[in-house]
Amino acid sequence: MEITNPEVEKYMTTLLENRAVIYKEIEDYAEGINFPIIEPLVGILLNQYSRLIDAKRILELGSGFGYSALWFSEGMNEETEIICTDFKEENRKLALEFFRKARVRTRIDFRLGNAIEILDELEGEFDIIFNDVEKEDYPEVYIKAIPKLRKGGLLITDNTLWYGKVAQQEITDYQTKGSREYNKLAFEDSRVLSVILPLRDGLTVSMKL
Ligand SMILES: C[S@@+](CC[C@H](N)C(=O)[O-])C[C@H]1O[C@@H](n2cnc3c(N)ncnc32)[C@H](O)[C@@H]1O
């Protein structure tokens, strides 16, 4: 099930036609190898949020080859640090190459390994934690990420409507269960104010109070 009507989504994406060429290059590459990226509509949202709260320290869980980090970095300078994480060295290499091409000015620290273990190890607070790992790990990410946010900071998680499957109670695969459980945690927790944005595959945005 598409969350947004495909024609409407296409229309919205055409409004971002003047985005930098590097985004299109990565989008084409991702499409060519059938790799899931956040795509422009979510990208611009991440950029808007980071500007809104003047984010200086951003942690990404599941960075792939840097498309989402590139959106976070747009308009930012060396005062902002983005910590990227991924399992795969080839993704890291590619990301660093795309960042170089895009002349990214933010500080980038790309760490290899399990993003959840890296989250555990990192000290200090974050302005934004962006979660894009496997859905079955979402509840664990939620529990570990909220204490690491500063007051007013945001935990943003992609694909939380999971093709609408979260609303179909008869669907009980581990990915759907992970997303459903994540949303339950985010909406029952009095430490945060959460909203689900039905954009693309759905994003849950939790602001720490
Ligand atoms: C959906 S892709 C996201 C790419 C990126 N956020 C973007 O939109 O450009 C998920 C990426 O997260 C990585 N990943 C998934 N679970 C992970 C984990 N637990 N630790 C580290 N990387 C993980 C995968 O290798 C993959 O590259």
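These figures come from a predicted structure and were not determined experimentally.

Draft legend 1. Region of interest: the overall build of the chain. Looking only at helices and strands, one finds eight helices and seven strands in the chain. Here the chain has a C-alpha radius of gyration of 16 Å; the compact-globule value for 209 residues is 17 Å, and the two agree. When each of the 209 residues of the chain is scored for burial, the buried share is 41%. Considering only contacts within the chain whose residues lie at least 6 apart along the sequence, 71% involve residues at least 24 apart.

Draft legend 2. Representation of the pairing of strand S4 (residues 126-131). Counting buried positions along S4 yields six of six residues, so the element is predominantly enclosed. Alignment of strand S1 (residues 57-61) against S4, held across four bridges, turns out to be parallel. Among the inter-strand pairings, Leu59 is bridged to a residue of S4, identified as Ile129. With five bridges joining them, S4 and strand S5 (residues 149-158) adopt parallel strand pairing. Bridge pairing in S5 places Phe126 opposite Leu149. Regarding the hand of the β-α-β motif, the stretch spanning S4, helix H7 (residues 138-145) and S5 is right-handed.

Draft legend 3. The arrangement of the site of the ligand in detail. Taken together, 20 residues sit near the ligand, with Gly62, Gly64, Tyr67, Ala115 and Val133 positioned nearest. When contributions to the shell around the ligand are tallied by element, the ones reaching two or more residues are helix H4 (67-73), strand S2 (81-86) and helix H6 (115-121). Of the residues contributing to the shell around the ligand, the split by class is eight nonpolar, seven polar and five charged.

Draft legend 4. Structural view of the nonpolar core. Among the nonpolar cores identified, the biggest contains 43 residues, and Ile58, Leu61, Leu70, Ile128, Ile129 and Ile156 are the most heavily contacted of them. Here this core takes five residues from H4, the largest share from any one element. Residue contacts for Leu70: discarding those within four places in its chain leaves Ile22, Tyr23, Phe98, Phe99, Ala102 and Val104.

Draft legend 5. Layout of unusual backbone geometry. Of note, the phi angle at Asn159 is positive, near 65 degrees, even though the residue is not glycine. On the secondary structure map, Asn159 appears in the loop between S5 and helix H8 (174-188). The class of Asn159 is buried, set by 24 C-beta atoms lying within 10 Å. With a phi angle near 40 degrees, Trp162 is a residue other than glycine that sits in the positive phi range. Among the secondary structure elements, Trp162 is positioned in the loop between S5 and H8. Exposure remark for Trp162: the 26 C-beta atoms within 10 Å place this residue in the buried category.

Draft legend 6. Region of interest: the environment of Glu81. Residue position: Glu81 is located in strand S2. Using a count of 17 C-beta atoms within 10 Å as the deciding quantity, one classes Glu81 as partly exposed. Separated by 26 residues in the primary sequence, Glu81 and Arg107 place their C-alpha atoms 4.6 Å from one another. Apart from the residues lying within four places of it in its own chain, the contact partners of Glu81 are Lys56, Arg57, Thr106, Arg107 and Asp109.

Draft legend 7. Focus on helix H3 (residues 39-52). For H3, spanning 14 residues, the distance from its first C-alpha to its last is 20 Å, which sits close to the expected 20 Å at 1.5 Å a residue. Looking one or two residues past H3, Asp54 carries a phi angle of roughly 50 degrees, positive in sign.

The rules behind the values
Residues numbered from 1 in each chain as written. Predicted model: local features only at pLDDT ≥ 70, side-chain atom pairs only at ≥ 80, totals over all residues. Helix = DSSP H or I, 4+ residues; strand = E, 2+ residues; numbered from the N terminus. Rg over C-alpha atoms; globule rule 2.2 N^0.38 Å. Buried ≥ 20, exposed ≤ 12 C-beta atoms within 10 Å, placed from the backbone. Contact = placed C-beta atoms within 7 Å. Pairing = 2+ DSSP bridges. Right-handed = clockwise from strand over helix to strand, strands pointing away. Near = placed C-beta within 6 Å. Nonpolar A, V, L, I, M, F, W, Y, C, P; charged D, E, K, R; others polar. Core = buried A, V, L, I, M, F, W, Y, C linked by C-beta atoms within 7 Å. Expected span 1.5 Å × (residues − 1).

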